[in-house]
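Working through the structure, step by step
Each chain, letter by letter, is given below.
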Amino acid sequence: MAAKQVNPTRMELTRLKKKRITAIRGHKLLKDKRDELMRQYLDLVRENMEVRKKVEAGIRSANKNFVIAKAGMSEAALNTALMAPKCKEKPGIFQIDFLADQNIYSYGFAFTSGDLDGAVKSLADVLPDMIRLAECEKACQLMAAEIEKTRRRVNALEHVIIPETEQSIKYITMKLDENERSTQIRLMKVKDMMLEETHHYSEK
């Protein structure tokens, strides 16, 4: 259907042949890009699974420690001790100050238990993995979207653009050949008419 809508000229044929070459080259590049993205995506998914296991184990450990700490302190004292955070967050950047000075405790030690210190330490230990997990999951989402977009482009080139271009090239080639044959037949008829008019005979 698409082939019948093209203008059957040599200029259009040349343009379509160039388009086909570009489309085939683009198809190969996009397939290579898709394959490389898939390889990176699988590596990232594996890392994501490993980090998630570490985070879940760390959170379970931190929760157990907080339960023990809560059992040895009043709820008011626990809430007061944990009211002021030590980790500061800036837009777009996680800045973990306590990693630099190793001071992860936002409270004094006079009215808190050692169990709370262990609970805070266990949570601080898992925080870098939690941040890395968030990065991995976001990267997986972005890469999956890019893979899907690349896959759609590859399919469009492979199943629509390249076949339609080749169909149009075939159609124009056939039309040009047909026009050339018609022109040759007309020229032969003109030649026969001129011979007959000039020499009163026809060339059989």
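Residues numbered from 1 in each chain as written. Predicted model: local features only at pLDDT ≥ 70, side-chain atom pairs only at ≥ 80, totals over all residues. Heavy atoms only, no water.

**Thoughts on the overall build of the chain**
Condition: What counts as a helix is a DSSP run of H or I of at least four residues, what counts as a strand is a run of E of at least two, and both are numbered from the N terminus. We call a residue buried when its accessible area falls under 20% of the maximum for its residue type, exposed when it is over 50%, and partly exposed in between, using a 1.4 Å probe and counting protein chains only. Only heavy atoms matter for contacts: two residues are in contact if any of them lie within 4.5 Å across the pair. In these tables, accessible area is a Shrake-Rupley quantity obtained with a 1.4 Å probe, and a residue counts as shielded only by the protein chains included in the view.
A tally of helices and strands in the chain yields four helices and two strands. Secondary structure elements of the chain occur, N-terminal to C-terminal, as α-α-β-β-α-α. In the chain, which comprises 204 residues, the proportion classed as buried is 25%. Across the chain, the fraction of contacts at a sequence separation of at least 24, relative to all contacts at a separation of at least 6, is 79%. Surface accessibility of the chain: about 14700 Å² in total, with carbon and sulfur atoms responsible for 58%.

**With respect to the environment of Glu137**
Mapping Glu137 onto the fold places it in helix α4 (residues 114–199). Here Glu137 falls in the partly exposed class, since its relative accessible area comes to 29%. Taking the C-alpha atoms as reference points, Glu137 and Glu47, separated by 90 residues in sequence, lie 9.8 Å from one another. Leaving out residues up to four positions away in the same chain, Glu137 has contacts with Asn48 and Arg52.

**Topic: the side chain of Thr150**
You can see Thr150 is positioned in helix α4. Its relative accessible area of 0% is what places Thr150 among the buried residues. Apart from the residues within four sequence positions on either side, Thr150 is in contact with Leu30, Lys33, Arg34 and Leu37.

**Focus: the pattern of salt bridges**
Selection rule: Just to be clear on terms, a salt bridge is a Lys or Arg side-chain nitrogen sitting within 4 Å of an Asp or Glu carboxyl oxygen.
One pass over the structure, following the stated rule, counts 16 salt bridges. Its salt-bridge partner being Glu137, residue Arg52 comes within 2.0 Å of it at the nearest N-O pair. Of this pair, Arg52 sits in helix α1 (residues 10–72) while Glu137 sits in helix α4, and the two are 85 residues apart along the sequence. Where salt bridges share partners, they join Glu36, Arg39, Asp43 and Arg46 into one cluster.

**Here we look at the confidence of the model for the chain**
This is how it is decided: For every residue, the predictor assigns a confidence score, pLDDT, that lies between 0 and 100.
Overall, the prediction assigns the chain a mean pLDDT of 82, with 76% of residues at 70 or greater. Element-level pLDDT for the chain is lowest in helix α3 (residues 97–101), with a mean of 44, against a maximum mean of 93 in α1. Across residues 91–101, confidence stays below pLDDT 50; counting only partners more than four residues off in sequence or on other chains, it has 17 contacts.

**Examining the state of the cysteines**
Applicable threshold: Any two cysteine sulfur atoms lying within 2.5 Å of each other are counted as a disulfide.
The tally for this structure, following the rule as stated, stands at zero disulfides. No disulfide involves Cys136; its sulfur sits 6.4 Å from the nearest other cysteine sulfur, which is in Cys140. On the accessibility criterion, Cys136 (1% relative accessible area) is buried. On the basis of relative accessibility, which here comes to 11%, the residue Cys140 falls in the buried class.

**Quick notes on the environment of Leu116**
Along the chain, Leu116 falls in helix α4. Residues Leu116 and Val67, 49 residues apart in the sequence, show an inter-C-alpha distance of 9.2 Å.

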